[in-house]
Amino acid sequence: MNIPRHDWPRALATQSTKQIAAVLNEIAAHWTISPVQLPQTGLAMLQLRDSAFNDPYFLGEIPLASAWVNVRTEDNLDYQGAAQLMDDDREKIEALALCDAVLAHRLPGWLALYQLVEIGMAELTKEQNLRNAMLAKTRVDFALLTATEHDDD
C-alpha cells in the first residue's frame with residue numbers, strides 16, 4: 001500500500017456511492033457496524049490567519065461531513081475507522097469511514113477497496129495534470145513584456 005491513509009477518502013470519493021456500497025456489502029455482510037460518534041454533515045467555517053498581524057479571520061463556509069465507526073467482525077474483534085470530507089453526503093461519509101476501518105486494519109476484502117483507491121488516485125492525478133497544463137498555458141513572462149516596450153520606442 002503506497003497511497004497514504006490521509007488520501008484514501010479523497011480517492012474513494014471519486015467513485016460512486018453505489019460502487020463503494022457494492023464492495024462493502026460483499027465484505028461486511030456479517031459484521032456489526034455502529035457509530036462511535038454520530039455522523040455529521042453541514043457547514044464549517046474556514047478560518048485563516050492574517051500574515052501581517054497573525055489575527056484570525058473567517059474566509060467563508062465549506063461543506064463538511066464526518067463519520068467515525070466501530071466494526072465488529074465475526075470473531076468479535078473491534079476495529080475503528082473514520083473519515084472527513086468536504087461534502088454533504090451522509091451515506092457516502094459513513095461508507096468512507098467503514099472503508100477506512102477495512103483498509104487500515106487490512107480486514108478481509110481490503111484489496112478490493114484498495115483497487116478503488118488506486119483508481120481514484122489515478123483519476124485525481126489525471127485531473128491535477130490537466131489543471132497544471134491549463135495553468136502553464138496562462139503563465140505570463142513579464143520579462144518579455146518589458147523587452148517589447150523598449151522595442152516600440
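Each value, and the rule that gives it
Residues numbered from 1 in each chain as written. Predicted model: local features only at pLDDT ≥ 70, side-chain atom pairs only at ≥ 80, totals over all residues. Heavy atoms only, no water. Helix = DSSP H or I, 4+ residues; strand = E, 2+ residues; numbered from the N terminus. Rg over C-alpha atoms; globule rule 2.2 N^0.38 Å. Buried < 20%, exposed > 50% of the residue type's maximum accessible area, 1.4 Å probe, protein only. Contact = heavy atoms within 4.5 Å. Areas by Shrake-Rupley, 256 points an atom, 1.4 Å probe, with all protein chains shown as cover. Lys, Arg positive; Asp, Glu negative; His and termini not counted. Charge placed at Lys NZ, Arg CZ, Asp CG, Glu CD. Pairing = 2+ DSSP bridges. Axes fitted to C-alpha atoms, helices over the stretch in contact; angles between N-to-C directions. Expected span 1.5 Å × (residues − 1).

Q: An account of the overall build of the protein is needed here, citing residue identities and associated values.
A: The number of helices and strands found in the protein is five helices and three strands. Starting at the N terminus, the α and β elements of the protein follow one another as α-α-β-β-β-α-α-α. Its C-alpha atoms give the protein a radius of gyration of 22 Å, more than 25% over the compact-globule value 15 Å for 153 residues. Taking the principal axes of the C-alpha coordinates as reference, the protein spans close to 85 × 35 × 25 Å. The burial tally for the protein puts 30% of its 153 residues in the buried class. The contacts of the protein with a sequence gap of at least 6 include a subset with a gap of at least 24, amounting to 60%. For the protein, the exposed surface amounts to about 10,500 Å²; the carbon and sulfur share of it is 53%. When the 12 basic and 22 acidic side-chain charges of the protein are each reduced to a single mean position, those positions are 6 Å apart.

Q: Let's hear about the side chain of threonine 17: which residues, and what values?
A: With respect to the helices, strands and loops of the structure, threonine 17 is situated in helix H2 (residues 17-27). Dropping the residues within four chain positions of it, threonine 17 is found in contact with Asp89, Glu91 and Lys92.

Q: Could you give an account of the environment of glycine 109, naming the residues involved and the relevant values?
A: By the element assignment, glycine 109 lies in the loop between helix H3 (90-104) and helix H4 (110-137). Remark: the alpha-carbon pair of glycine 109 and isoleucine 33, spanning 76 residues in sequence, is separated by 16 Å. Sequence-distant contacts of glycine 109, defined by excluding residues within four places in its chain, comprise Ile27 and Val102.

Q: Explain the sheet that holds strand E1 (residues 32-49) to me, and be specific about the residues and the numbers.
A: Overall, antiparallel pairing links the three strands, which are arranged E1-E2-E3 in an open sheet. Taken across any chain shown, the strands that pair with only one partner, and hence form the sheet edges, are E1 and strand E3 (78-85). In this sheet, adjacent strand axes meet at a mean angle of 15° when their direction is disregarded. In the sheet, strand E2 (residues 56-72) pairs with E3 via eight bridges, with the strands oriented antiparallel. Of the residues in E3, the one forming a bridge with valine 69 is glycine 81. Across the sheet, H3 lies against E1, E2 and E3, angled at about 135° from E3, the strand it touches most.

Q: So what about H3? Which residues, and what values?
A: Spacing of three or four residues puts side chains on the same side of an α-helix, whose turn is 3.6 residues. Between its first and last C-alpha atoms H3 spans 21 Å; for 15 residues at 1.5 Å apiece the expected length is 21 Å, and the two agree. Counting buried positions over the 15 residues of H3 gives eleven, a clear majority of the element. Taken residue by residue, H3 has Lys92, Ile93, Ala95, Leu96, Ala97, Leu98, Cys99, Asp100, Ala101, Val102 and Leu103 as its buried positions. Buried positions along H3 lie against helix H1 (8-12), H2, E1, E2, E3 and H4.

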